[in-house]
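Structure at a glance
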Amino acid sequence: MKKSILKIAGILSIAFLMTSCQESCEKCSAKVVQYLNGEQVSTSTVSAQEICGDELDKIKDNPVVTVEQGVGELKQKVVTTYTCN
């Protein structure tokens, strides 16, 4: 009886580990808007790409990424908005 319970527990543990190791994936696209000194200068779109695992988690946690930098009087801002489904 104990051996049967241990075998079942072992099989369930292996099944759980196999399913938990599979990464979830989604198709994600991105819209990139660039600004120079506060004025929008370009917009581009990156078509849907399959994103998986940690990278997908990062996108879902923060779907809008803003990067700002400046040199002298020039100020550049890039806003990237990710959409996944």
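Residues numbered from 1 in each chain as written. Predicted model: local features only at pLDDT ≥ 70, side-chain atom pairs only at ≥ 80, totals over all residues. Heavy atoms only, no water.

1. Thoughts on the packing of aromatic side chains
The full count for this structure, using the stated rule, is 0 aromatic pairs. A cation over an aromatic ring shows up here: K77 above the ring of Y35, its NZ or CZ 5.3 Å from the ring centre. (Phe/Tyr/Trp six-rings, centres within 6.5 Å; stacked < 30°, edge-to-face > 60°. Lys NZ or Arg CZ within 6 Å of the ring centre and 35° of its normal.)

2. Considerations on the environment of T81
Residue placement: T81 occurs in strand β4 (residues 74–84). The class of T81 is partly exposed, set by a relative accessible area of 31%. For the pair T81 and S29, spaced 52 residues apart in the sequence, the C-alpha separation amounts to 8.4 Å. Those residues in contact with T81 that sit more than four places away from it in its chain are S29, A30, K31, P63 and V64. (Helix = DSSP H or I, 4+ residues; strand = E, 2+ residues; numbered from the N terminus. Buried < 20%, exposed > 50% of the residue type's maximum accessible area, 1.4 Å probe, protein only. Contact = heavy atoms within 4.5 Å.)

3. Focus: the pairing of strand β1 (residues 25–36)
Bridging between β1 and strand β2 (residues 39–52) involves 11 bridges; their strand directions are antiparallel. Looking across to β2, one finds that L36 is bridged to E39. Here 9 bridges tie β1 to β4, and the two strands are oriented antiparallel to one another. Looking at the pairing, V33 lines up with V79 of β4. (Pairing = 2+ DSSP bridges.)

4. Side note on the side chain of T80
Tracing the backbone through its elements, the reader meets T80 in strand β4. With a relative accessible area of 14%, T80 lands in the buried category. Among all residues touching T80, those that are not within four sequence positions of it are A30, K31, V32, P63, V64 and V65.

5. Regarding the pattern of salt bridges
Between side chains of opposite charge, a pair can form as their charged atoms come close. A complete count under the given rule lists 1 salt bridge for this structure. With a shortest N-O distance of 2.5 Å, K60 and E26 are connected by a salt bridge. Placement of the pair is K60 in helix α2 (residues 53–61) and E26 in strand β1, with a sequence separation of 34 residues. (Salt bridge = Lys/Arg side-chain N within 4 Å of Asp/Glu carboxyl O.)

6. A few points about a negative patch on the surface
Taken together, the side chains of E23, D54, E55, D57 and D61 present a region of like negative charge at the surface. Secondary-structure assignment places D57 in helix α2. For D57, a relative accessible area of 39% puts it in the partly exposed group. (Patch = residues over 30% accessible without salt bridge, like charges linked within 9 Å, V, L, I, M, F, W, Y side chains within 5 Å. Areas by Shrake-Rupley, 256 points an atom, 1.4 Å probe, with all protein chains shown as cover. Lys, Arg positive; Asp, Glu negative; His and termini not counted. Charge placed at Lys NZ, Arg CZ, Asp CG, Glu CD.)

7. Observations concerning the pairing of β4
Here 8 bridges tie strand β3 (residues 64–71) to β4, and the two strands are oriented antiparallel to one another. Directly across from E68, in β4, lies its bridge partner K77. Once β3 ends, the chain turns through 2 residues before running back antiparallel as β4, passing G72 with a positive phi of about 60°.

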